[in-house]
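Structural overview
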Amino acid sequence: MTFDREIFLQALTSAEFRRGAWLSVALAAVSMIFATVLGFGVALARISKVPTLRALGGAYVWFFRAIPSLLVLLIIWNAGPQLFPGLRDDWFTPFIAAFIGFAVVEAAYMAEILRSALLSVDEGQHLAARAIGLRPHQVLLKVLLPQAVKVALPPTGNEFIAMLKYTSLASVISLRELLTTAQVGVSVTFRYAEYYTAALVYYLVIVSALMGVQSLIERRYRWVSSGTPGPKKDMVTV
């Protein structure tokens, strides 16, 4: 059985594949946004001076980094409705389950990225900001965050690209994302090469676009280390 170009092109241009690709991107995006917000809170807990908060933040990171994402999805989708009757209603869709699963797992990784970025800012800047009268939340928002964001951007972009690929795991809970769409086509036609190649092309295009956007954002926020005029030295005569 040879590679059928017509079947490949038909799959590549089909509405089902476009919907699957869009669903994968949407799931990755909303999961990453929530994971970043939650991860920021966990990161603050990890660097807090309160021992209880540090312990809770550390426990969260340890727990969700220790268990596979696939297991989390299965627990949320299959065990969740068993334990919580409210999850048996129609609102609890595979997309919602996948969103919750990916977000809480990714938050543990984002917490470590953000914690490292916050700690990379020199402590002297924190002390200087406090010395001029800034409150702790002002120091965080006006001094630490702007510098930490630049440090966190590259690994965050990499995590988002990885998240896009992780969405294929949602096929186990019947979410018809990109890979599931390809598998459905294969189950009907048994044309493995054509449908899987079509999915591969979609992933390559999407990830390439994301890498381009990541590169543009990183250049926008890159530290200006050269070409910046230094302070003018005035000659003082006595």
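Residues numbered from 1 in each chain as written. Predicted model: local features only at pLDDT ≥ 70, side-chain atom pairs only at ≥ 80, totals over all residues. Heavy atoms only, no water.

**Topic: a nonpolar patch on the surface**
Operational definition: Patch definition: residues with relative accessible area over 30% and no salt bridge; like charges joined within 9 Å; nonpolar side chains (Val, Leu, Ile, Met, Phe, Trp, Tyr) joined within 5 Å. Residue burial considers only the protein chains on display, and all accessible areas are found by Shrake-Rupley using a 1.4 Å probe. In what follows, salt bridge is the name for a side-chain nitrogen of Lys or Arg lying within 4 Å of a carboxyl oxygen of Asp or Glu. Numbering of helices and strands runs from the N terminus, with a helix taken as a DSSP run of H or I at least four residues long and a strand as a DSSP run of E at least two residues long. Think of it in three bands: residues with accessible area under 20% of the maximum for their type are buried, residues over 50% are exposed, and the middle band is partly exposed, with areas taken using a 1.4 Å probe on protein chains only.
There is a patch of nonpolar side chains on the surface, built from V50, L53 and L56 and spanning about 260 Å² of accessible area. Here L53 lies in helix α3 (residues 51–66). Among the residues examined, L53 registers a relative accessible area of 38% and is labelled partly exposed.

**As for the nonpolar core**
Selection rule: Buried Ala, Val, Leu, Ile, Met, Phe, Trp, Tyr and Cys residues form a nonpolar core when they are joined through side-chain atoms within 4.5 Å. Contact criterion: two residues are considered in contact whenever any of their non-hydrogen atoms come within 4.5 Å of each other.
Counting 57 residues, the largest nonpolar core has F17, Y60, A98, F102 and A170 as the members making the most contacts within it. Elements represented by at least two residues in this core include exactly α1 (5–12), α2 (15–46), α3, α4 (69–83), α5 (94–120), α7 (136–166), α8 (178–189) and α9 (192–220). Among all residues touching Y60, those that are not within four sequence positions of it are L38, V42, V104, A107 and A108.

**What to know about the packing of aromatic side chains**
Keep this limit in mind: For this analysis, a ring pair means two rings from Phe, Tyr or Trp (six-membered ring only for Trp) whose centres lie within 6.5 Å, classed as stacked if their planes differ by under 30 degrees, edge-to-face if by over 60, and tilted for the remaining angles.
Within the structure shown, the criterion is met by 10 aromatic pairs. Relative to F92, the ring of W77 has its centre 5.5 Å away and its plane inclined at 25 degrees; by these criteria the two rings are stacked. Remark: F92 occurs in the loop between α4 and α5 and W77 occurs in helix α4; sequence separation between them is 15 residues. Judged by relative accessible area, W77 falls into the partly exposed class, the value being 24%. On the basis of relative accessible area, F92 is assigned to the buried category, the value being 5%. Here Y192 and Y196 contribute two aromatic rings whose centre-to-centre distance is 6.2 Å and whose plane-to-plane angle is 45 degrees, an arrangement assigned as tilted. Taken together, the positions of Y192 and Y196, both in helix α9 and four residues apart, correspond to about one turn of that helix. An aromatic cluster of at least three residues, connected via ring pairs, comprises Y60, W62, F63 and F64.

**So, the environment of L127**
Residue placement: L127 occurs in helix α6 (residues 123–131). Look at L127 and you get exposed, because its relative accessible area is 52%. The sequence separation of L127 and N78 amounts to 49 residues, and the corresponding C-alpha distance is 50 Å.

**Quick word on the pattern of salt bridges**
Enumeration according to the criterion identifies five salt bridges in this entry. Ionic pairing is found between R19 and E16, a salt bridge with its closest N-O pair at 3.8 Å. Taken together, the residues span about one helical turn, with R19 and E16 both in helix α2 at a distance of three residues. R19 gets classed as exposed once you look at its relative accessible area, which sits at 53%. In this structure, R115 and E112 form a salt bridge, with 3.1 Å as the shortest nitrogen-oxygen distance. Taken together, the positions of R115 and E112, both in helix α5 and three residues apart, correspond to about one turn of that helix.

As far as function goes, none of this settles anything; it's purely spatial.
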